[in-house]
Amino acid sequence: MPTRRSLLGLFALSGTAGAFATPSFAGLLRASFVDDQSAPLRAIAAQRGIVYGSAVGSYELRDPEFAASLAREAGILVAEYEMKRGVIEEVRGRYDFSGIDTLMAFAQAHGMAFRAHTLVWHHRNPGWLDAAVLAERDPALQTGYIDAVMRHCKGRIKSWDVVNEAISPEDGRSDNLRNTLWLQAFGPGYIDAAFHAARAADPTAQLVYNDWGCENSGDKHDRFRAATLDFLERALARGVPIDGLGLQGHLQAFGPPIDQKKLRDFLSKVQQMGLKILITEHDVDDSGGPSDIATRDQAVANASRRFLEVVLDNSATEAVLTWGLSDRFLKPSGWRETLTGYSPRALPLDADMQRTPMWHAMARVLATG
Ligand code: 9MR
């Protein structure tokens, strides 16, 4: 069994010093758009050995006001969409790394770490992939991609979402695996093959299994937690090189509140397996609430606080990433279709780059939790 790798060494860069790394950025930061001058989240988090960061798209970096806020607040970045296979290998065998290269260069210039999302998923694949996988049944269609992408990023990315969202108890299988293209073509062993290929491509990388169903409350999520523990236990017993569990952390401000005890117990069991815990995609959907912004902001902040109180209480937790930093880029449609009707407030900075009550809740839990 490979030793679990800690990201703490890597994330030592996440303090304030790195944020002001390049002279070109100093000007932007002097003209600070953030009127609250207290320490940024990356520095507050780094003080307790946690890295805080955000998902981002390269188009967002072209907004100087946003880029300055990102450089200030985030100690780690992840690509919101540009590291999905549909973007990287839209044409079979021709890899387009331009999006992630832009993001990784920004991260490097600002002393940030970078993490990868995601190598194996059932969404956002190129149009040619499904037919090719089902016709050829060649495992290299999965492992060859993993190898190519990880080698391109070697030395620049230490933490990888290798497999994303492979569990779905509702699909009715006894192993609770989701009935995806990969499962249909290669059987349940596709997950083992993916992690082994990732370990071989970069033996120093932290390899993460990432999913969405373990944090919320309700019967469905009880089943999801049990299925995830079962999956991880069996995989680790087989020697599958999984180093960490990613909890996406998509919450609902006006949905059922998190069951803190159940989440705490679940995370303890994950820790007992020797796994690290990462919060990979935290945001709070404020749909279903009143139009009054203060009320929505308070509910969003409360949901985030109750979640992070539990997560940060577990010493295996080493990263918290939000799925975006500013509400400026939230789309009123698409995957956030439920957020229509008013401007969503789901993230630490609002559309004007001002710190929201969620920012303050996160800062408080990170500082004191
Ligand atoms: O936010 C992402 C959006 O821009 C993409 O279009 C979409 C499909 O690739 O994926 C969204 O991100 C998802 C993430 O990759 C996995 N967990 C759920 C996220 C939100 O739907």
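Going along each chain's sequence as written, the residues are numbered from 1 onward. At least 70 in pLDDT is required for a residue's local features to be given in this predicted model, at least 80 for side-chain atom pairs to be given and counted, and no such filter applies to totals for whole chains, interfaces and linings, which use all residues. Excluding hydrogens and water, the side-chain values take into account all heavy atoms of the structure.

J.: In this structure, what is going on with the overall build of the protein chain? I would like to understand it.
T.: When helices and strands are tallied, the protein chain shows 16 helices and nine strands. Residue exposure (1.4 Å probe, protein chains only): buried if accessible area is under 20% of the type maximum, exposed if over 50%, otherwise partly exposed. Residue burial in the protein chain is summarised as follows: out of 369 residues, 57% are buried. Should any heavy atoms of two residues lie within 4.5 Å, those residues are counted as being in contact. Considering only contacts in the protein chain between residues 6 or more positions apart, those separated by 24 or more positions represent 80%. Accessible surface for the protein chain amounts to roughly 14,100 Å². Of this, 53% is attributable to carbon and sulfur atoms. Secondary structure elements are taken from DSSP: a helix is a run of H or I of four residues or more, a strand is a run of E of two residues or more, and numbering for both begins at the N terminus. Here the accessible surface of atoms and residues is derived via Shrake-Rupley with a 1.4 Å probe, and residues count as covered only by protein chains that are part of the display.

J.: Would you take a moment to explain the site of the ligand for this structure?
T.: Nearness of a residue to a molecule or strand requires only that one of the residue's heavy atoms be within 4 Å of it. As a matter of local geometry, the ligand sits amid 12 residues, with Glu80, Lys84, His117, Glu281 and Trp323 nearest to it. Polar contact is defined as a pair of N or O atoms within 3.5 Å, subject to the rule that within protein one atom must be able to donate a hydrogen and the other to accept it, and that residues adjacent in sequence are counted only when both atoms are side-chain atoms. Between the ligand and the protein, one listed contact pairs an oxygen atom with a side-chain N or O atom of Glu80 at 2.4 Å. Protein chains shield 78% of the accessible area of the ligand, which is 450 Å² for the free molecule.

J.: Is there a simple way to explain the pairing of strand β1 (residues 51–56) in this structure?
T.: In terms of residue burial, β1 counts as a mostly covered element, since six of its six residues are buried. Two strands are counted as paired when DSSP detects at least two bridges linking them. For β1 and strand β9 (residues 317–322), the ladder comprises four bridges, and the chain directions are parallel. Of the residues in β9, the one forming a bridge with Val51 is Ala319. Direction of pairing for β1 relative to strand β2 (residues 76–79): parallel, over a ladder of four bridges. Bridging from a neighbouring strand, Ser54 pairs with Leu77 of β2.

J.: Teacher, can you tell me more about the nonpolar core here?
T.: Inside soluble globular proteins, nonpolar side chains tend to come together where they are buried. Counting 102 residues, the largest nonpolar core has Leu70, Met83, Trp160 and Ile242 as the members making the most contacts within it. Discounting chain neighbours no more than four positions away, the residues touching Met83 are Ile88, Ile100, Ala116, His117, Thr118, Tyr145, Val149, Cys153, Ile157 and Trp160. To form a nonpolar core, buried Ala, Val, Leu, Ile, Met, Phe, Trp, Tyr and Cys residues must be joined to one another through side-chain atoms within 4.5 Å. Core analysis: the next-biggest nonpolar cluster, separate from the first, contains 10 residues, Val51, Ala55, Leu278 and Trp323 among them.

J.: Explain unusual backbone geometry here, please?
T.: Excluding glycine, residues mostly have negative phi values, and the peptide bonds linking residues are mostly trans. Between His117 and the following residue, Thr118, the backbone shows a cis peptide bond with an omega angle of 0°. The topology assignment puts Thr118 in strand β3 (residues 113–120). Its identity as a non-glycine residue notwithstanding, Arg137 has a phi of 50°, on the positive side. As for its position among the elements, Arg137 is in the loop between α9 (129–136) and α10 (140–153). With a phi close to 65°, Asn176 is a non-glycine residue in the positive phi region. Mapped onto the elements of the fold, Asn176 is located in the loop between β4 (159–164) and α11 (181–186).

J.: Mind showing me how you'd approach the environment of His152 here?
T.: Position of His152 among the secondary structure elements: in helix α10. Since its relative accessible area comes to 27%, His152 is described here as partly exposed. Between the C-alpha atom of His152 and that of Phe97, which follows or precedes it by 55 residues, the distance is 8.4 Å. When near neighbours in sequence (up to four residues on either side) are disregarded, His152 contacts Phe97 and Asp101.

J.: What is the right way to read the packing of aromatic side chains from this model?
T.: The description of an aromatic ring pair rests on the distance of the ring centres and on the angle between the ring planes. Only rings of Phe, Tyr and Trp enter the pairing, Trp through its six-membered ring, and a pair is recorded when the two centres are within 6.5 Å. The plane angle decides the type: under 30 degrees is stacked, over 60 is edge-to-face, the rest tilted. Counted according to the given criterion, the structure contains eight aromatic pairs. With centroids separated by 5.7 Å and ring planes inclined at 90°, the aromatic side chains of Tyr59 and Phe329 adopt a geometry described as edge-to-face. A residue pair is termed long-range when its members are at least 10 positions apart, and Tyr59 in helix α5 (residues 58–61) and Phe329 in the loop between β9 and α16 (357–368) qualify at 270 residues. Plain terms: the ring middles of Tyr95 and Phe97 are 5.9 Å apart, the flat faces sit at 5° to each other, and that makes the pair stacked. Take Phe97: its relative accessible area is 13%, and that puts it in the buried class. Grouping aromatic residues by their ring pairs yields a cluster made of Tyr59, Phe66, Tyr81 and Phe329.

J.: Would you explain the side chain of Asp243 in this entry?
T.: With respect to the secondary-structure elements, Asp243 resides in the loop between α13 (219–237) and β6 (244–247). There is a polar contact of 3.0 Å between the side chain of Asp243 and the side chain of Arg199.

J.: Looking at this structure, how should I read the packing of helix α15 (residues 293–311) against α16?
T.: The geometry of a pair of packed helices is captured by two quantities: the angle between their axes and the separation between those axes. Where α15 meets α16, the closest approach of the two axes is 8 Å, and the angle between their N-to-C directions is 20°. Between α15 and α16, the interaxial angle falls into the category roughly parallel. Relative to α16, the crossing made by α15 is right-handed. Taking contact as the criterion, the partners of Asp297, Val300, Ala301, Ser304, Arg305, Leu308 and Glu309 in α15 are, on α16, Pro357, Met358, Ala361, Met362 and Val365. The convention used is that axes are lines fitted to C-alpha atoms, helices contributing only their stretch in contact, and that angles between N-to-C directions extend from 0 to 180 degrees. Roughly parallel means an angle under 35 degrees; roughly antiparallel means over 145; roughly perpendicular covers 65 to 115; every other angle is labelled oblique. Each crossing is labelled by how the near helix is turned from the far one, with a counterclockwise turn of less than a right angle marking it left-handed and a clockwise turn marking it right-handed.

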